[in-house]
Amino acid sequence: MKFDTKVIHGGQHHDAETGAVMPAVFQTSTYAQTTPGKPVGDYEYSRASNPTRTALENALASIENGSRGLAFSSGLAATDCLLRSFKAGDEIIAMDDLYGGTYRMFTRIYKDSGIKFHFIDMNDLDGFRALINENTKMVWVETPTNPLMKLADIKAISEITKAHNILFAVDNTFATPYLQKPLDLGADVVMHSATKYLGGHSDVIAGALVIKDEKLGEQLHFQQFATGATLGPMDSFLVLRGIKTLSLRVQRHCENGKKVVEFLSNHPKIKTVYYPGLESHPYHEVAKKQMKDFGGMVTFTFASGKKEDAISFLEKLKVFTLAESLGGVESLANHPALMTHASIPEDKRKEIGITDDLVRLSVGIEDAEDLIEDIRQALG
Ligand SMILES: *Cc1c(COP(=O)(O)O)cnc(C)c1O
């Protein structure tokens, strides 16, 4: 089955009893049993599993080419579930440019866990290799990264993690499986903030893990069941519905993203545009190799370098909404240093390049001319 068919039919079947094409929203906590320990069907209690969530999880496994999908109450809950696989003394190597909330979890929630985190430039493969020791248990990569659009070469990293028997997880939120399939490229686990492109309509907070290996999928399902951050039936329904139009939406995000990038790149008030589709982008070759297209996330800085210029631009936007989050049908604009990445200490932010004149756009699927006109007027 091709991907555009999978987003609609992958792992799905109509309801045997009614013929319903979409699963019902099974708003139930529990399920009848005929005799103690013998449920009528496959379900016992909705923290363990729920038919609407199962439908979503089967779709997730299908579109990421994994053996198992798990749906969580948020992206961070998905990450947290995976992190519970590790214990004191284990070491995790992560990329140095991460979603702020992921960085906050690693450095603050797991601070006293005894797990040691390293944050490195994952493009320096020799530096990466040099850090590996017998305690290295996982590599965590986000590509492209939020907000600087750095990339990591998934295949090259996976060759190293495989040789050392290290689990390799990729946050695929920005790219989506339409653009990039980490499990096919050698990763073991894919994580999503399904709040973003998978849901696609800014109406739900949700997360996902998709696992290649069945046994690990079983173990992570146990961890999810035993800790409880599962996705409710209504939210599962919404994400499943969102996935049906993923291909169409991401195609349009890419088209509009390119047009916005072209406009910004030629504007005298703009200094640097960060977009993996630009030939000048330092990781353009990696992007071409592992992504089908370049997405709708665009980050840029001002020629003046001034925070005030970024803020004035954001205040003047009319079609773009100034808001956290990304990946919905509507265009959003964000000031990472003051908003999404405020949880990263200032010196660390400066070190990785999240300056005060940096603006991140989630280019939506509106008419590109309206979006460009909006940016033009806001730049004054
Ligand atoms: C939003 C986001 C997360 C966190 O997901 P939530 O659904 O907000 O918990 C993780 N990674 C990336 C890249 C994100 O954009």
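Remember, it's a predicted structure, so these values are computed and weren't measured experimentally.

**Thoughts on the sheet that holds strand E9 (residues 207-211)**
Working step 1: Strand order in the open sheet formed by seven strands is E3-E9-E8-E7-E6-E4-E5, with mixed pairing between adjacent strands. Each having just a single partner strand, strand E3 (68-72) and strand E5 (116-120) make up the two edges of the open sheet. On average, each strand axis in the sheet is tilted by 20° relative to the strand beside it, whichever way the strands run.
Working step 2: For strand E6 (residues 136-142) and strand E7 (residues 167-171), the ladder comprises five bridges, and the chain directions are parallel. When the sheet's bridge partners are listed, Glu 142 is paired in E7 with Asp 171.
Working step 3: Strands E3 and E9 of the sheet are contacted by helix H2 (residues 51-63), whose axis makes an angle of about 130° with E3.
Working step 4: Relative to the sheet, helix H4 (residues 100-109) contacts strand E4 (91-95), E5 and E6, its axis offset from that of E5 by approximately 140°.

**Re empty space enclosed by the protein**
Taking a probe equal in size to a water molecule and rolling it over the atoms shows the remaining empty space.
Working step 1: As enumerated under the stated definition, the model contains two cavities of 30 Å³ or more in all.
Working step 2: Quantified by volume, the largest cavity comes out at close to 40 Å³.
Working step 3: Along its surface, the largest cavity is lined by Pro 144, Met 149, Phe 174, Ala 175, Leu 179, Pro 276, Met 291, Phe 294, Gly 295, Gly 296 and Met 297.
Working step 4: Put simply, the second largest cavity is a space of about 30 Å³.
Working step 5: Lining the second largest cavity, in full, are Asp 96, Asp 97, Leu 98, Tyr 103, Ile 344 and Ile 352.
Working step 6: Here the residues of the lining of the second largest cavity are counted per class, giving four nonpolar, no polar and two charged.

**A look at the domain arrangement of the protein chain**
Working step 1: In terms of domain boundaries, the protein chain breaks down into domain 1 (3-243) and domain 2 (246-379).
Working step 2: Taken over C-alpha atoms, the centre of domain 1 sits 26 Å from the centre of domain 2.
Working step 3: With 42 residues of domain 1 at the contact, the number on the domain 2 side is 42 residues.
Working step 4: Where domain 1 abuts domain 2, roughly 3500 Å² becomes buried across the two surfaces, and 62% of that area is made up of carbon and sulfur atoms.
Working step 5: Together, Tyr 178, Leu 179 and Tyr 197 form the three largest contributors to the area buried by domain 1 at its contact with domain 2, with a combined 22%.
Working step 6: The tally of links between domain 1 and domain 2 comes to one salt bridge.
Working step 7: With a closest N to O distance of 2.6 Å, Lys 289 and Asp 153 form a salt bridge.
Working step 8: In this structure, the connection of domain 1 to domain 2 is made through 16 residue pairs in polar contact (both at pLDDT 80 or more).

**Observations concerning the UniProt feature "modified residue: N6-(pyridoxal phosphate)lysine" (unreviewed entry) in the protein chain**
Working step 1: Mapped onto this structure's residue numbering, the UniProt feature "modified residue: N6-(pyridoxal phosphate)lysine" (unreviewed entry) falls at Lys 196.
Working step 2: Note that Lys 196 resides in the loop between strand E8 (189-193) and E9.
Working step 3: For Lys 196, a relative accessible area of 8% corresponds to the buried category.
Working step 4: When sequence neighbours within four positions are dropped, the list of residues in contact with Lys 196 reads Tyr 99, Thr 173, Ser 325, Leu 326 and Gly 327.

**Points about the pairing of E3**
A regular strand places its side chains on the two faces of the sheet in alternate fashion.
Working step 1: When you tally the buried positions in E3, you get four out of five residues, the bulk of the element.
Working step 2: With five bridges joining them, E3 and E9 adopt antiparallel strand pairing. The partner of Phe 72 across the bridge, within E9, is Gly 207.

**Some details on the site of the ligand**
Working step 1: With respect to spatial proximity, 14 residues lie near the ligand, and among them Leu 76, Asp 171, Ser 193, Thr 195 and Lys 196 are the closest.
Working step 2: A distance of 2.7 Å separates a nitrogen atom of the ligand from a polar atom in the side chain of Asp 171.
Working step 3: In the model, an oxygen atom of the ligand is placed 2.7 Å from a nitrogen or oxygen of the Lys 196 side chain.
Working step 4: Considering the ligand on its own, with 380 Å² of exposed area, one finds that the protein chains cover 94% of that surface.
Working step 5: Here the ligand is seated within the second largest pocket.
Working step 6: Looking at the shell around the ligand, the elements that each hand over two or more residues are helix H3 (75-83) and E8.
Working step 7: A per-class count over the shell around the ligand returns five nonpolar, six polar and three charged.

**As for the pairing of strand E11 (residues 297-302)**
Working step 1: In terms of burial, E11 is a largely internal element, six of the six residues being buried.
Working step 2: Alternating residues of E11 divide into Met 297, Thr 299 and Thr 301 and Val 298, Phe 300 and Phe 302, and every residue in both groups is buried.
Working step 3: Pairing between strand E10 (residues 270-274) and E11: three bridges, direction antiparallel. What sits directly across from Ile 270, in E11, is Phe 302.

Reading the values: the criteria
Residues numbered from 1 in each chain as written. Predicted model: local features only at pLDDT ≥ 70, side-chain atom pairs only at ≥ 80, totals over all residues. Heavy atoms only, no water. Pairing = 2+ DSSP bridges. Helix = DSSP H or I, 4+ residues; strand = E, 2+ residues; numbered from the N terminus. Axes fitted to C-alpha atoms, helices over the stretch in contact; angles between N-to-C directions. Contact = heavy atoms within 4.5 Å. 1 Å grid on protein atoms, 1.4 Å probe; cavity = no way out; pocket = protein on both sides within 12 Å on 5 of 7 lines; lining within 4 Å. Points joined across faces, edges and corners; volume = space filled by probe spheres on them. Nonpolar A, V, L, I, M, F, W, Y, C, P; charged D, E, K, R; others polar. Domains from an automatic or database assignment. Buried area = accessible area lost by both parts, 1.4 Å probe. Salt bridge = Lys/Arg side-chain N within 4 Å of Asp/Glu carboxyl O. Polar contact = N/O pair within 3.5 Å; in protein donor to acceptor, adjacent residues only side chain to side chain. UniProt positions renumbered as here; feature names shortened; annotations may be inferred. Buried < 20%, exposed > 50% of the residue type's maximum accessible area, 1.4 Å probe, protein only. Near = heavy atom within 4 Å. Areas by Shrake-Rupley, 256 points an atom, 1.4 Å probe, with all protein chains shown as cover. Sits in = over half its atoms within 2 Å of the grid points.

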